[in-house]
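Examining the three-dimensional arrangement
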Amino acid sequence: MASETDTTRSGSTPNGTAPDPPEPRKVALITGITGQDGSYLTEFLLNKGYDVHGLIRRSSNFNTQRINHIYIDPHNAHKARMKLHYADLTDASSLRRWIDTLAPNEVYNLAAQSHVAVSFEIPDYTADVVATGALRLLEAVRSHIAATGRTDIKYYQAGSSEMFGATPPPQSETTPFHPRSPYAVSKCAAHWYTVNYREAYGLFACNGILFNHESPRRGENFVTRKITRAVGRIKVGLQSKLFLGNLQASRDWGFAGDYVEAMWMMLQQEKPDDYVVATEESHTVEEFLEASFGYVGLNWRDHVLIDKRYLRPSEVDNLKGDATKAKKELGWKPKVGFQQLVKMMVDEDVELAKREKVLVDAGYMDAQQQP
Ligand code: NDP
Ligand code: GDR
């Protein structure tokens, strides 16, 4: 994390002249800061010396678990480099207010109803947050620029490989979109809003078209984490069955920690542009099962059952990115490969399951319950 002393340096230079005033810290504003990517991006930007502001939505439960480790109590606010504010992508006034108040240099729009299957259940809410939400935020940035004359604001839009949908791999920036869910259609709209604000108003706005990226912080109802959570719990005896849907879908799975770096890199370029970010390697859900159960000496076939509830009305069969442009122009490349990702997730989830087991054995938790 950036040192506090950075802004409190004083004194004169060896030749007696007054030192240059310290560079003001860059300010980043992140929507979706409580999500998987928001937490990694926050850590990354704090390490780069940014002040980070995050927009969080009101919840009846605490929703800051992924960033608690970097949160500093407001009573010690002078030490805090990350601050949280209430807003919602469905509330334009809150977005405009925080853009005006915080005057960020970089805006990362990561907030979304990000679950593809759930988007079939709540399609218009998904569109409101994912598509119109992006438009509201772009409009807040545009009107802030119009009111202040600032030229130093950059915008990142969290685009998705789901936009390619039914178009066969390899998928690159020039591959046509063929979205297969309300979520993916909404991401296409957000993509084109971003392009339009770049063309119409000269906004420095980039679309990252990111393929699936996972981590131990991945939401537990995405397939990789659902599997590694089950592996951990089966290994320690808290669970025996795992219900899944389509095992033949193929995804290009990378590590979220690598992918947030690409987001930042896009905003450091001279010109705004759109980039595919991917490992260029694809695996089926079944291969993920083999790798994760096999890693702890289990056979997935003894535990996995198919539940039709997890099949989607229209599926995306095969995603595999071509990240040539990001590699060439950004100098980005993934550091964590498939097997390493699986091991990282399984290791953490076995440890988590062991802690749960202690609570279950002591009678503080039901085996069915998850903390
Ligand atoms: P998560 O689902 O982990 O996080 C989503 C975030 O959005 C959470 O902070 C959530 O808040 C917030 N959010 C949801 N609805 C609203 C709303 N109405 N107003 C404000 N905030 C809201 O997603 P990821 O971190 O995995 O993904 C980040 C972004 O990247 C998303 O836009 C996703 O669609 C996109 N993406 C993700 C990929 C991946 O593989 N992870 C690949 C490609 C794109 P809360 O914590 O309160 O729920
Ligand atoms: P995805 O991720 O839809 O690619 O979207 P998810 O992990 O949900 O599904 C991947 C594949 O696994 C199949 N699958 C199951 N999926 C879930 N969630 N639960 C199951 O039980 C199950 N069984 C099989 C799915 O059918 C699918 O084919 C993610 C999200 O992070 C999006 O926000 C992001 O834009 C894309 O990745 C890129």
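Definitions and limits used
Counting from 1, residues in each chain are numbered in the order their sequence is written. Starting at A for chains and at 1 for ligands, labels are handed out in the order in which the entities are written. With pLDDT at 70 or above as the cut-off, local features in this predicted model cover only qualifying residues; side-chain atom pairs require 80 or more to be listed or tallied, and sums for whole chains, interfaces and linings still use all residues. Where helices and strands are cited, they refer to DSSP runs of H or I of at least four residues and of E of at least two residues respectively, numbered from the N terminus. Put simply, the radius of gyration uses C-alpha atoms, and a globule should come to 2.2 Å times the residue count raised to 0.38. Partly exposed residues are those whose C-beta has more than 12 but fewer than 20 other C-beta atoms within 10 Å; 20 or more makes a residue buried and 12 or fewer makes it exposed, with C-beta atoms placed from the backbone. Any two residues are considered in contact once their C-beta atoms, placed from the backbone, lie within 7 Å. Read the arc as the range of directions from the helix axis to the C-beta atoms. We treat two strands as partners when DSSP finds at least two bridges between them. Orient the strands so they point away from the viewer, and a crossover whose first-strand-to-second-strand path over the helix runs clockwise is right-handed. We count a residue as near a molecule or strand when its backbone-placed C-beta atom lies within 6 Å of that partner. Under the grouping applied here, Gly and all other residues not named as nonpolar or charged are polar, the nonpolar ones being Ala, Val, Leu, Ile, Met, Phe, Trp, Tyr, Cys and Pro and the charged ones Asp, Glu, Lys and Arg. Values of pLDDT, the confidence the predictor places in each residue, fall between 0 and 100. To obtain each axis, a line is fitted to C-alpha atoms, and for helices this fit is confined to the stretch in contact; angles are then taken between N-to-C directions over 0 to 180 degrees. Note that the term roughly parallel is reserved for angles under 35 degrees, roughly antiparallel for angles over 145, roughly perpendicular for angles of 65 to 115, and oblique for everything else. Two helices that cross are described as forming a left-handed crossing if the nearer one is turned anticlockwise from the farther one by less than a right angle, and a right-handed crossing if clockwise.

1. A word on the overall build of the chain
Tallying secondary structure elements over the chain gives 10 helices and 13 strands in all. Taking 21 Å as the expected radius of gyration for a compact globule of 371 residues, we find that the chain reaches 22 Å, a close match to that expectation. Counting every position in the chain, which comprises 371 residues, the buried fraction comes to 41%. In the chain, the share of contacts with a sequence separation of at least 24, taken over all contacts with a separation of at least 6, comes to 79%.

2. Description of helix H2 (residues 92-102)
All of the buried residues along H2 are Leu-95, Trp-98 and Ile-99. Seen end-on, H2 carries its buried residues on one side only, within an arc spanning 100 degrees. Seen from the open side of H2, the exposed residues pointing more than 90 degrees away from its buried face are Ser-93 and Thr-101. Those residues of H2 hidden inside the fold are in contact with strand S1 (27-31), strand S2 (51-56), strand S3 (82-86) and helix H4 (123-148). Phi for Ala-103, located one or two positions after H2, is positive at around 45 degrees.

3. Let's talk about the pairing of S1
For a regular strand, the rule is simple: side chains alternate between the two faces of the sheet. A large share of S1 lies buried, amounting to 4 of its 5 residues. Relative to S2, S1 runs parallel, the two sharing 5 bridges. By the bridge assignment, Leu-29 is partnered in S2 with His-53. Each parallel crossover has a hand, and the one from S1 via helix H1 (residues 36-47) to S2 is right-handed.

4. Some thoughts on the site of ligand 2
Around ligand 2 there are 21 residues in total, and Val-116, Ser-160, Val-223, Gly-245 and Ala-249 lie nearest to it. Of all the elements in the fold, those that place two or more residues in the shell around ligand 2 are helix H3 (116-121) and helix H6 (223-235). Each residue belonging to the shell around ligand 2 can be placed in one class, and the counts come to 9 nonpolar, 7 polar and 5 charged.

5. So, the site of ligand 1
The immediate surroundings of ligand 1 are formed by 25 residues, with Gly-32, Gly-35, Ala-111, Ala-112 and Ala-158 found nearest. Of all the secondary-structure elements, those providing two or more residues to the shell around ligand 1 are H1 and strand S5 (154-160). With 3 residues, the single largest contributor to the shell around ligand 1 is H1. Of the residues assigned to the shell around ligand 1, the class counts are 7 nonpolar, 15 polar and 3 charged.

6. Here we look at the confidence of the model for the chain
In the predicted model, the chain carries a mean pLDDT of 94, and the fraction of residues at 70 or more is 95%. Counting contacts from residues 1-12, a segment whose pLDDT is below 50, to residues more than four positions away or on other chains yields 15 contacts. Here the predicted complex scores 0.95 on pTM and 0.99 on ipTM.

7. Here we look at the packing of H2 against H4
Close contact between H2 and H4 brings their axes to 9 Å; oriented N to C, the two are set at 40 degrees. Between H2 and H4, the interaxial angle falls into the category oblique. Once H2 is placed against H4, the crossing between them reads as right-handed. Packed against H2, whose contacting residues are Ala-92, Leu-95, Arg-96, Ile-99 and Asp-100, the element H4 presents Arg-136, Leu-137, Ala-140, Val-141, Ser-143 and His-144 at the interface.

8. Some details on unusual backbone geometry
For the bond running from Pro-169 to Pro-170, omega is -5 degrees, close enough to zero to count as cis. For Ala-103, which is not a glycine, the phi torsion comes out positive at approximately 45 degrees. At Glu-280, a position not held by glycine, the phi torsion is positive, near 70 degrees. The topology assignment puts Glu-280 in the loop between strand S11 (274-277) and strand S12 (283-284).

9. Quick word on the sheet that holds S3
Taking strand neighbours across the sheet as the criterion, the 7 strands line up as S3-S2-S1-S4-S5-S6-S11 in an open arrangement whose pairing is parallel. Two strands in the sheet have a free side with no partner beyond their single neighbour: S3 and S11. In this sheet, neighbouring strand axes are inclined to one another by 20 degrees on average, regardless of whether the strands run parallel or antiparallel. The pairing of strand S6 (residues 204-210) with S11 spans 4 bridges and is classified as parallel. Bridged to Ile-209 within S11 is Val-276. On top of the sheet, H1 reaches S1, S2, S3 and strand S4 (106-109); it is set at about 160 degrees to S2, its chief contact. Where H2 meets the sheet, its contacts fall on S1, S2 and S3, and the angle it forms with S1 comes to roughly 165 degrees.

10. With respect to the packing of H6 against helix H8 (residues 285-295)
Direction vectors running N to C along H6 and H8 enclose 30 degrees, while the axes themselves pass 10 Å from each other. With respect to H8, the axis of H6 lies roughly parallel. Like other packed secondary-structure pairs, H6 and H8 cross with a definite hand, here right-handed. Between H6, through Val-223, Thr-224, Ile-227, Thr-228 and Val-231, and H8, the contact on the second element is made entirely by Val-285, Phe-288, Leu-289, Ser-292 and Phe-293. When its residues are assigned to classes, the contact of H6 with H8 shows 7 nonpolar, 3 polar and no charged.

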